Amino acid sequence: MQRDLKLPNDLWFETPLRVRYAETDKMGVVYYGNYFTWFEIGRTDVCRQCGFSYRDMEIEDDAFLMVVETQCRYRRPARYEDDLVVRTRLEAWSKRTMRFSYEILDESTRELLAEGTTVHVVTTSLGRPRSFPSRQAELITARLMAAEER
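Residues numbered from 1 in each chain as written. Predicted model: local features only at pLDDT ≥ 70, side-chain atom pairs only at ≥ 80, totals over all residues. Heavy atoms only, no water.

**Q** Quick question: what am I supposed to make of the pattern of salt bridges here?
**A** Two side chains of opposite charge can pair, provided their charged atoms sit close to one another. Scanning the entire structure with this criterion turns up 13 salt bridges. Residue Glu103 pairs with Arg87 through a salt bridge whose shortest N-O separation is 2.9 Å. Taken together, the residues Glu103 in strand E4 (residues 97-106) and Arg87 in strand E3 (residues 83-93) connect sequence positions 16 residues apart. Glu103 sits in the buried class, given a relative accessible area of 18%. Arg87 sits in the buried class, given a relative accessible area of 15%. Via salt bridges that share partners, Glu14, Arg87, Glu103 and Arg110 belong to a single interconnected network. (Salt bridge = Lys/Arg side-chain N within 4 Å of Asp/Glu carboxyl O. Helix = DSSP H or I, 4+ residues; strand = E, 2+ residues; numbered from the N terminus. Buried < 20%, exposed > 50% of the residue type's maximum accessible area, 1.4 Å probe, protein only.)

**Q** Any chance you could explain the environment of Asp62 here in plain terms?
**A** The residue Asp62 is located in the loop between helix H2 (54-61) and strand E2 (64-74) in this model. Separated by 19 residues in the primary sequence, Asp62 and Glu81 have C-alpha atoms spaced 37 Å apart. With residues up to four places along the chain from it excluded, the contact list for Asp62 reads Met57, Thr123, Thr124, Ser125 and Arg130. At a separation of 2.9 Å, a polar atom in the side chain of Asp62 contacts the side chain of Ser125. (Contact = heavy atoms within 4.5 Å. Polar contact = N/O pair within 3.5 Å; in protein donor to acceptor, adjacent residues only side chain to side chain.)

**Q** Looking at this structure, I do not really get empty space enclosed by the protein. What am I missing?
**A** A water-sized probe, rolled over the atoms, reveals where empty space remains. Inspection of the entire model under this criterion finds one cavity of 30 Å³ or more. Val46, Cys47, Cys50, Phe52, Leu65, Leu90, Met98, Phe100, Phe132 and Ile140 together form the lining of the largest cavity. Elements with a minimum of two residues in the lining of the largest cavity: helix H1 (34-50) and E4. Residue composition of the lining of the largest cavity, grouped by class: 10 nonpolar, no polar and no charged. (1 Å grid on protein atoms, 1.4 Å probe; cavity = no way out; pocket = protein on both sides within 12 Å on 5 of 7 lines; lining within 4 Å. Points joined across faces, edges and corners; volume = space filled by probe spheres on them. Nonpolar A, V, L, I, M, F, W, Y, C, P; charged D, E, K, R; others polar.)

**Q** For this particular structure, what's the right way to read the sheet that holds E3?
**A** Note on sheets: strands pair through backbone hydrogen bonds, and any given pair is parallel or antiparallel. With antiparallel pairing, five strands are arranged side by side in an open sheet as E1-E3-E4-E5-E2. Each edge of the open sheet is held by one strand with a lone partner, namely strand E1 (13-18) and E2. Neighbouring strand axes in the sheet, compared pairwise and without regard to direction, differ in orientation by 25° on average. Along the sheet face, H1 touches E1, E2, E3, E4 and strand E5 (112-123) and points at about 135° away from the line of E1. (Pairing = 2+ DSSP bridges. Axes fitted to C-alpha atoms, helices over the stretch in contact; angles between N-to-C directions.)

**Q** Even after reading the chapter, I still don't get a nonpolar patch on the surface, so can you show me in this structure?
**A** Side chains of Tyr31, Tyr32 and Tyr74 sit close together on the surface and give an oily, nonpolar patch of about 350 Å² of accessible area. Along the chain, Tyr31 falls in the loop between E1 and H1. Note on Tyr31: relative accessible area 45%, which makes it partly exposed. (Patch = residues over 30% accessible without salt bridge, like charges linked within 9 Å, V, L, I, M, F, W, Y side chains within 5 Å. Areas by Shrake-Rupley, 256 points an atom, 1.4 Å probe, with all protein chains shown as cover.)

Put into structure tokens, the structure is as follows:
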């Protein structure tokens, strides 16, 4: 993996979703913890859009992205049946760590509802630190480089 890879600041991966009733409280407002679930949906979609399955990486390479830090800033509530976009970008990447940034947008107005970050350490299934698998690193690198060329 290229440790000095310059990550493009404008490469956001987008995942649409609709707020489900089960994600809201009695007033129809999204419960705050669900934003972290949406961050995870965005993160796994980044893997898919780079050409690999996060689940397959766990099974075939014994590589897991353990969350070690999270942050979310809520700007406006999302409500039942809102159509949203989860925007995810790889902000920082080293041999054993990754940092993702997220934006939750209203799909029709593109208004920012929430933004956050997660930091991950690559581990084995036993929780021991390890390097990011080279096959997936090559796929991510290729996707990032292709985006830079545009």
